[in-house]
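Residue strings, one per chain:
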Amino acid sequence: MSRKVVRTSKFRHVFGQAVKADQCYDDIRISQNTWDSNFCSVNPKFVAMVVDASGGGAFMVLPVTKIWEIPDGGLTKPLTEPVVTLEGHSKRVGILSWHPTAHNVLMTAGCDNVVILWNVACGEAVVRIDSLHTDLIYSVAWNRDGSQILTSCKDKKLRILDPRKGTVIAEKEKPHEGSRPVRAKNFKDALTLQELDTSSGVLLPFFDPDTGIVYLCGKGDSSIRYFEVTDEAPYVHYLSMYSSKESQKGMGYMPKRGLEVNKCEIARFYKLHERKCEPIVMTVPRKSDLFQEDLYPDTIGPEPSVEASDWFEGKEGTPNLISLKDGFVATKTKEFKVHKSLLATTTSGAGSRQVDSTEVHSLQEEVKKLRAAVEELTERVKTLESK
């Protein structure tokens, strides 16, 4: 009599659970757009969602902790001015991705079949890849250190590109038989073939390199399937599935540094419904209150390792790893500054003269002080009038 051998894995009993209703984000009108993207992006501080609005292009940013910090006097003016405007695409932009190791390097792709790499600090389109993709670009992804990018396209080709040269390193035709959008992280032969269902919805894959777990979420589906990837055949092992009654319109994925390690949380998703955003927590059941080192190896932190100008000139960066043993403690992030290439010019009775950035900053500080003084005097006048 033969016995079925059960594969041992610390992730065999991972389970998903939606948070309570009072921890969801309600009364949010998620976009009805048919673009095949996640519609949601998350970091340890904020969750951003693409929302429905006249004219399109609107998104909402909310604190993850759901605590609003409003000044005592309320907001004095709406935030309408962008820090920097990036102009280069001729049609709608649907994909944005920050470089994993370089500071202020942004990759965008749009309906014009063009990929652009920007130095955001100076608002410059440094690399423009406009002749490789013959049809709509479905997805674009960096590799771990940002030395290569991988694109999937409606022409049924996967391409690995040198991002600085804008040239093709490798190409693969028809990775899937169907014509639906595809995404990929590795260009080797397929490890396995899994038929999930007959749904026509787009799969949104999320891979955790620390645990080797792949999570598959389908747009229009109501489940999250997860698999463990190992170095031994058959390589991909089905773990389990989280399912609920309502389908998802999009999905966000929290970086590892934003998880609650004291609760053995190994993943957190932000599921978009029609009118709300619902966090879903993936947990490994453990009884110990100690830090579980096997679940949390050092992971990628938020700090860049190379500046944009150096990266575009050829310098590579490696991911800065952080430990989660004491919980993630945010360090002072690098200030975002837009560097103007030209000096400001002012005109006076004696003619025009150049003003350097130090002088401009000093004037701005004086204006701030004057504005504060005027506001203080206004309040005093109101108080006296009321008496």
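For the protein, the name recorded in an unreviewed UniProt entry is Coronin, with Albula glossodonta as its organism. Quoted verbatim from the Sequence similarities (unreviewed entry) field of the UniProt record, the comment on the protein reads "Belongs to the WD repeat coronin family."

**Q** Is there a simple way to think about the pairing of strand β17 (residues 223-229) in this case?
**A** Remember that side chains alternate between the two faces of the sheet whenever the strand is regular. Across the seven residues that make up β17, a large majority, six, are buried. Relative to β17, strand β16 (residues 213-218) is paired through five bridges, and the arrangement is antiparallel. Paired with L216 across the strands is R225, a residue of β17. Between the end of β16 and the start of β17, which pair antiparallel, lie four residues, with G220 showing a positive phi angle near 90°. Sheet topology places β17 next to strand β18 (residues 236-243); seven bridges connect them, and they run antiparallel. Within the sheet, the bridge partner assigned to I224 lies in β18 and is Y242. The antiparallel pairing of β17 with β18 creates a hairpin that spans six residues between the two strands, and Y235 there sits at a positive phi of about 75°.

**Q** Explanation requested: the nonpolar core in the structure shown.
**A** The nonpolar side chains of soluble globular proteins are, as a tendency, buried together. Counting 35 residues, the largest nonpolar core has M49, V115 and Y270 as its most contacted members. Counting only elements with at least two residues in this core, the list comes to β3 (40-42), β4 (46-50), β8 (105-110), β9 (115-119), β10 (124-129), β11 (137-142), β20 (265-272) and α1 (308-312). Contacts of Y270, omitting those with residues within four sequence positions, involve Y25, C40, V42, V47, V64, G250, M251, G252, M254, C277, E278 and P279. In this structure, F206, M251, Y253 and V284 belong to the second largest nonpolar core, which totals 24 residues.

**Q** Explanation requested: the sheet that holds β9 in the structure shown.
**A** Sheets are built from strands paired through backbone hydrogen bonds, the pairs being either parallel or antiparallel. Strand order in the open sheet formed by four strands is β6-β8-β9-β10, and the pairing between neighbours is antiparallel. Each edge of the sheet is formed by a strand with only one pairing partner; in this case those strands are β6 (93-98) and β10. Neighbour-to-neighbour, the strand axes of this sheet turn through a mean angle of 25°, independent of strand direction. Judged from the five bridges that link them, β8 and β9 form a sheet pairing that is antiparallel. Across the sheet, residue T108 finds its bridge partner in β9, namely I116.

**Q** Looking at this structure, I do not really get the packing of aromatic side chains. What am I missing?
**A** Two aromatic rings are characterised by how far apart their centres lie and by the angle between their planes. One pass over the full model with this rule turns up 10 aromatic pairs. Connected via pairs of aromatic rings, a cluster forms that spans F206, Y215, Y226, Y253 and F269. Sitting above the plane of the F39 ring, K219 keeps its charged end 4.0 Å from the centroid.

Thresholds applied
- Residues numbered from 1 in each chain as written.
- Predicted model: local features only at pLDDT ≥ 70, side-chain atom pairs only at ≥ 80, totals over all residues.
- Heavy atoms only, no water.
- UniProt positions renumbered as here; feature names shortened; annotations may be inferred.
- Buried < 20%, exposed > 50% of the residue type's maximum accessible area, 1.4 Å probe, protein only.
- Helix = DSSP H or I, 4+ residues; strand = E, 2+ residues; numbered from the N terminus.
- Pairing = 2+ DSSP bridges.
- Core = buried A, V, L, I, M, F, W, Y, C linked by side-chain atoms within 4.5 Å.
- Contact = heavy atoms within 4.5 Å.
- Axes fitted to C-alpha atoms, helices over the stretch in contact; angles between N-to-C directions.
- Phe/Tyr/Trp six-rings, centres within 6.5 Å; stacked < 30°, edge-to-face > 60°.
- Lys NZ or Arg CZ within 6 Å of the ring centre and 35° of its normal.

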